[in-house]
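# Coordinate analysis (summary)
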Amino acid sequence: MKPVQPKTVLILGSGGLRIGQAGEFDYSGSQAIKALQQEGVKTILINPNIATVQTDQAMADRIYFLPLTSSFVERVIAKERPDALLLSFGGQTALNVGLQLERQGVLQRYRVAVLGTPTRAIRLTEDRKLFAQALRKINITVAKSAAVTTVTAGIKQAKTIGFPLVMRSAFSLGGEGSAVITNQTELIRRLREALATVPQVLIEEYLGGWKEIEYEVVRDRFDNCVTVCNMENVDPMGIHTGESIVVAPSQTLTNHEYHQLRSVAMIVVRSLGIVGECNIQFALDPRSDQYRVIEVNARLSRSSALASKATGYPLAWVAAKLALGHNLLEVKNSVTKTTTSCFEPALDYVAIKIPRWDLKKFKHADHTISTEMKSVGEVMAIGKTFTEALQKGLRMTSTGTQGLVGDHPAVKKFRSEIIQATDRRIYALATALQHGYTVEQLHQLSQIDRWFLYQLKTIVDFSEQLKTKPLTRTRLWQAKQLGFADDQIAHYSKQPSATVRQLRKRWQITPVIKQIDTLAGEYPANTNYLYLTYHGSEHDIVPGRKQIVVLGSGPYRIGSSVEFDWSCVQAVNTIKAQGYHSVVINCNPETVSTDYDICDRLYFEELSLERVLDIIDFEQPHGTIISMGGQVPNNLALDLQQHRVTILGTHPRDIDRAEDRNKFSKLLDRIGLDQPAWIEVTTLAAAKKFAQAVGYPVLIRPSYVLSGAAMNIAVSPKQLQQYLRVAATISKQHPVVISKFITEAREIEFDGVAQHGELKVYAMTEHVELAGVHSGDAHAVFPPQKTYLETIRRTKQRMRDVVQALNITGPFNIQFLAKNNDIKIIEINVRASRSFPFVSKSVKINFAEIATLAMLGKIASVDFKKFDLDYVTVKSPVFSYSRIKGADPVLYVEMGSTGEVAAFGDGYQEAILKSMLASGLDWPKKNILLSIGHDRDKAKLLSIVEKLHRQHRFQWYATAGTAAFLRKHQVSVKTVIKGRPVLELIRQRVVDFIVNIPHGHTHQEISHGFSIRRTAVDYHIPLISDVQLANAFLIAVSNLKESDLTIKAWDEY
Amino acid sequence: MRAHLILDDGTVYQGESFGAALSITGEVVFNTGMTGYPESLTDPSYRGQILVYTYPLIGNYGVPEGEFESNQIQVRGVVVLQYQAHYAHWSAQQSLGEWLQYHGIPGITGIDTRAVTKRLRNHGVMLGQIVVGHDRPVTTIPDPNTQNLVAEVSCQKPMWYGSSRKQIILVDCGVKLSMIRSLTQRGIRIKRVPWDYNYVAELNDFVGVLISNGPGDPKQCRTTIAYAEQALRSGKPNFGICLGSQIQALAVGAKTYKLKYGHRAQNQPCQIVDSQRCLLTSQNHGYAVREHTLPKIWRVWFRNANDGSVEGIHHRTKPFFSVQFHPEANPGPHDSDYIFDYFVSML
């Protein structure tokens, strides 16, 4: 009866993080691998995302850092001959590749069984037309809709459905290509865009304003079926669930509505034949009990990761067990360890998810939110009440607010930002309430359920009390119960935050620690999953013993992503191996560090000084690690130290010496290390004077930066003036720094670990792009291929000097500029960097583990001499520009990438090709368009273009200047006129590869180049916009075919 | 107004009063359901009890118009962490507080209901009281389980529902109206009779018997048990739900016992014995059937997948069966709804 257990299972990962498909798939993939390994099944993983935990040595038995395309996956299958495939743990990417392999007959040819939900069912859920038909057949209501494959058919269908309507693409992730369309002109434009990338588009009845409800459903092959969690979107239909504030469980549904939708969910899931886990979305009429099924995701999703963390039910792990054929009844509840997984968690708290956007990073980016996903990460806040959780969550997003209300500037055009939602609609609502808008008025404007608006009003009203009335014990209690932070209370009562904390302690107003146990206390559970609340009369736990606290990374955002979670997980593993109990504080539901089986105690909490101190006050740990989670915990260094918290690793005073530019400069002067000339300014005049003296271009940046927030290059006094204004509003506390920008310089990075200032291990990487491209957006090569030996020798020495001068213990990252053997230091981060997992896996030495050992004072001797490697690794950034409408897809000092991938190669060219293909770039096929601004860059690319021209592999198209230049050098090329003709060429997909190099490092206003790049992104045509990278890529293309790229597992290098 | 929840072991929790400002006593029990407060508060099985909700926010969608599970609020008092005075729902007629006040039922908000739940879980269900304002707490709380609670909630005289030729006797020990709706929807005519009504002589006119849910200790229902014993002799389909299940068991000579803290939830997994299948059920009971006292001719039909307790019994040859959970749901999942079909198919 039981299906034969597979011996070897292939798991497809999700690749680089991008909008709509982020770190949640590291969670689901890792859980699946663990579940399979427990059964003695051999696991093979393909995932080029080197910064994931699932690609750790201790995880899958065999790991391939290869592109997730059907051709590469097929070659892995041919080599490894797995019995079965798991395709529902790697997001839409894995699902699409898996379906493609099946369609191509690959799975059949190699006898690979698909575990879990059958592909037939997956196809049904992916094809919106078939899906709607299937549901109508079983009398389940779906939205009126029509699938179309041509623009004409779209127009026709729109007439029957009527405007406004919603357009969505089939087979897409995160609602890409979907929009609310109000008229025909818009419809035609959007249809053309969408049909350029997908074969089918769906036109649907507009359900804006209906409640949006999701259920996570689990089903086994015996037909046992449960809904693990339901969730309600605070932002109703019309705003993508990934863009919405979401609460679990639903708050405004009656028993009838809750169970009606639950029953429908189960009917649908059963009729589809799902085995494992899926997500079903409903629209529910706010004026009756009518509903529509919106969609089913027959795979683990962002919502399932959230549901898993919101309830404590390990969905991905259970789904993997069910895929292997287990009965849900047999699978134990891993939280209580005594009860069964065949149940539905009862929550005795509220969990709220809030998206994290980074739209400010992109010039010209559209800030409105609707049916397409734009957010780059999310946080989850847990509280006893909605208000408590909401204010926690808003702080957790690390966007500089104290909560719903506080010292952040009011939203000026709040009314319009409520009607046409933007990324700060929640603050616009608060502002409106402060202006006396009623709940009813706001409901009319936003269509948000009145219940949620009442909750917001309660907070806003209370802030008025805090402002005008004395801070009594009762009032302080109430404020804390409503989720107000000490900072927020301090702001309103006009006193220092520390005073509020003292007052609280004196009045014994402290939070209690509660467990998440999946059964609301009904059964005793030995759970490690914790949160804090002010609505409690007792702690659920007692302080632990011999503990080390690791501060996590907070929400994923541009510049701080899965890499930091990787470091945190390594730190926790090391702590445990050394006999300590590990405590993690983090608030990001997409992480592995917040999995139930990672640490001994997990506080799903804010990474704020207040909350970290609350926890440390209670636990009294042996020490705290702040250097693994990126800049968020790192910023707490000095404050924690002032509160006598034992920080493990580099002394906070030394961290400050590295972070504070003045102190750092003094240190560099002392050790005689050069850096680009710089000045700290508070006035424009001083800035101009400095720029005049050192010469333009100059780089403008605030201190304590992460991912270059508000960094800019100014080439003229006018630009300088313009940019300074932006920088000044972003960072009030920290002054603006201006430095000389050195052009045509190489960038070199060191990642390493030291103990008491003595270097223990390091790895050196070089960037493909020249300095001026943010290190997070640059391609990194290990070991360096182009850097002079002399430069290598000297930078190494200088690195040692800095490490010693800062007396570093633990992780660090240093960046140098090199030009003609002249070296200058750019910056040092005394913490784990984004590149830690990349270098660790490249050299096969776990830097994060060594760093943790160093901080624990238990360093082992690292067997590390010279890395004499016979392979090369390349890390490539992954961008999400197609999501950020209006943004310029060009590399810049501001970081723009949302993720990264890496690949191994026997040589540099193989490595960079694999890596770039893994990042989503396609091979040029027939026609390449060149449009190169600067003559210097034209010259740089000439020799490779000539070579490719001689190979007769491509037809060349170029804009006027570039074409003239190439013709002069006997390259035959078709001239394309800038403006509409070239854009039409792209839209018609005549060219299949574009190299567009902008003139300089500055952001031009809307230019021809911009429209070429933007159109390329909107029509999904591969684009390279950096000359160094274009050169490297084209050289590799000229020498290698796809079949030359070897299929080698990590352990074969 | 300030109010206190005082447990019999002396634990005191301070909160605020809502609903009726009255001091009351009762048996304190917790329920882990996250929705459906109008349904649970009107469930006659809660007679004599002070109900603690583990889900912290109660009252969100107000109280819709209409009847829920009986014509009145049955609990003696309600304990919540945060009562929601600002409700919102298209069907809402009034707030939960207004409704409680109208029915003279006190509520207390601001209580760490998880703390109360853990205490009840560790010590077992306890008697307790809600004391409002300056009222004095009572020193000895009468145990409602020593009273005949069923007599309080049962109907006074027979009532008819539905129109069909197939008619059954429904023994009302505190029946939830959803149970009646579940059967009339299936074309069954019901004669609802009081708990102590002698329907045995009338059985010739009826195709089956359903013994309903109800509050308290089943052993209090001696008359009901006696009639059930006689009804079983007729061989007609006999179906018990919740308290009705315990009465059926007692009628065939099995024993019942009091669970430490009962099952009151909407997520209780019940395995169909000797199958691979498990259903999620809504439950509200403090007593259960002792397995080894069951006559050999009976078998365990459903079993709780968490604690292994008996959740349903079935006669090996005759159409006699019962379930400890609530197939009529409300509140809770509808997974076991098919048991009504099963019953109807026997008739």
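Being a predicted model, the structure only gives us computed values, none of them experimental.

Rules used throughout
Throughout, residues of each chain are indexed from 1 in the direction in which the sequence is written. Labels are handed out in written order, letters beginning with A for the chains and numbers beginning with 1 for the ligands. Only residues with pLDDT of at least 70 get local features here, since the model is predicted, and only at 80 or more are side-chain atom pairs given and counted; chain-wide, interface and lining totals rely on the full set of residues. Only buried Ala, Val, Leu, Ile, Met, Phe, Trp, Tyr and Cys residues enter a nonpolar core, and they are joined through C-beta atoms within 7 Å. Exposure in this text rests on C-beta crowding, where 20 or more other C-beta atoms within 10 Å of a residue's own make it buried, 12 or fewer make it exposed, and counts in between make it partly exposed. The C-beta atoms are placed from the backbone. With C-beta atoms placed from the backbone, a contact is any residue pair whose C-beta atoms sit within 7 Å. At least two DSSP bridges between two strands are needed for those strands to be called paired. Elements are defined by DSSP. Helices are runs of H or I of four residues or more, strands are runs of E of two residues or more, and each kind is numbered from the N terminus. Angles shown run from 0 to 180 degrees and are taken between the N-to-C directions of axes, each axis being a line fitted to C-alpha atoms and, for helices, limited to the stretch in contact. Side-chain classes follow a simple rule in which Ala, Val, Leu, Ile, Met, Phe, Trp, Tyr, Cys and Pro form the nonpolar group, Asp, Glu, Lys and Arg form the charged group, and the remainder, Gly included, forms the polar group. Residue-level confidence of the predictor is what pLDDT reports, using numbers from 0 through 100.

## Quick word on the nonpolar core
Of all hydrophobic cores here, the largest spans 435 residues; its most connected members are Ile11(A) and Val79(B). Once residues within four sequence positions are removed from consideration, Ile11(A) is found in contact with Gly29(A), Ala32(A), Ile33(A), Thr43(A), Ile44(A), Leu45(A), Ala60(A), Leu86(A) and Phe89(A).

## Quick look at the sheet that holds strand E5 (residues 113-114) of chain A
All names here are of chain A. Pairing in this open sheet of five strands is parallel, and the strands run E3-E2-E1-E4-E5 from one edge to the other. Looking at which strands have only one partner, the edges of the open sheet turn out to be strand E3 (62-64) and E5. Note that strand E1 (residues 8-12) and strand E2 (residues 42-46) share five bridges and pair parallel. The residue bridging leucine 12 from the neighbouring strand is isoleucine 46, located in E2.

## Describing the sheet that holds strand E1 (residues 2-7) of chain B
All names here are of chain B. Taken in spatial order, the seven strands of this closed barrel run E1-E2-E10-E7-E4-E3-E11, and their pairing is mixed. Geometrically, the sheet is characterised by an average inter-axis angle of 35° between neighbouring strands, direction not taken into account. Both strand E7 (residues 77-79) and strand E10 (residues 106-109) contribute to a ladder of two bridges, which runs parallel. Note that in E10 the partner of valine 78 across the bridge is glycine 107.

## A look at the interface of chain A and chain B
Accessible area lost upon the coming together of the parts is a frequently used measure of interface size. Contact with chain A, which involves 47 residues of that partner, is made by 43 residues of chain B. When residues of the side of chain A that touches chain B are traced back to their parent elements, those giving at least two are helix H9 (255-272) and helix H16 (450-468) of chain A. The biggest single contributor to the side of chain A that touches chain B is H9(A), with five residues. Here the side of chain A that touches chain B is built from residues that sort into 20 nonpolar, 16 polar and eleven charged.

## Some thoughts on the confidence of the model for chain B
A residue-level look at chain B finds 100% of positions with pLDDT of 70 or above and a mean pLDDT of 96. Two summary scores accompany this predicted model of the complex, namely pTM at 0.95 and ipTM at 0.96.

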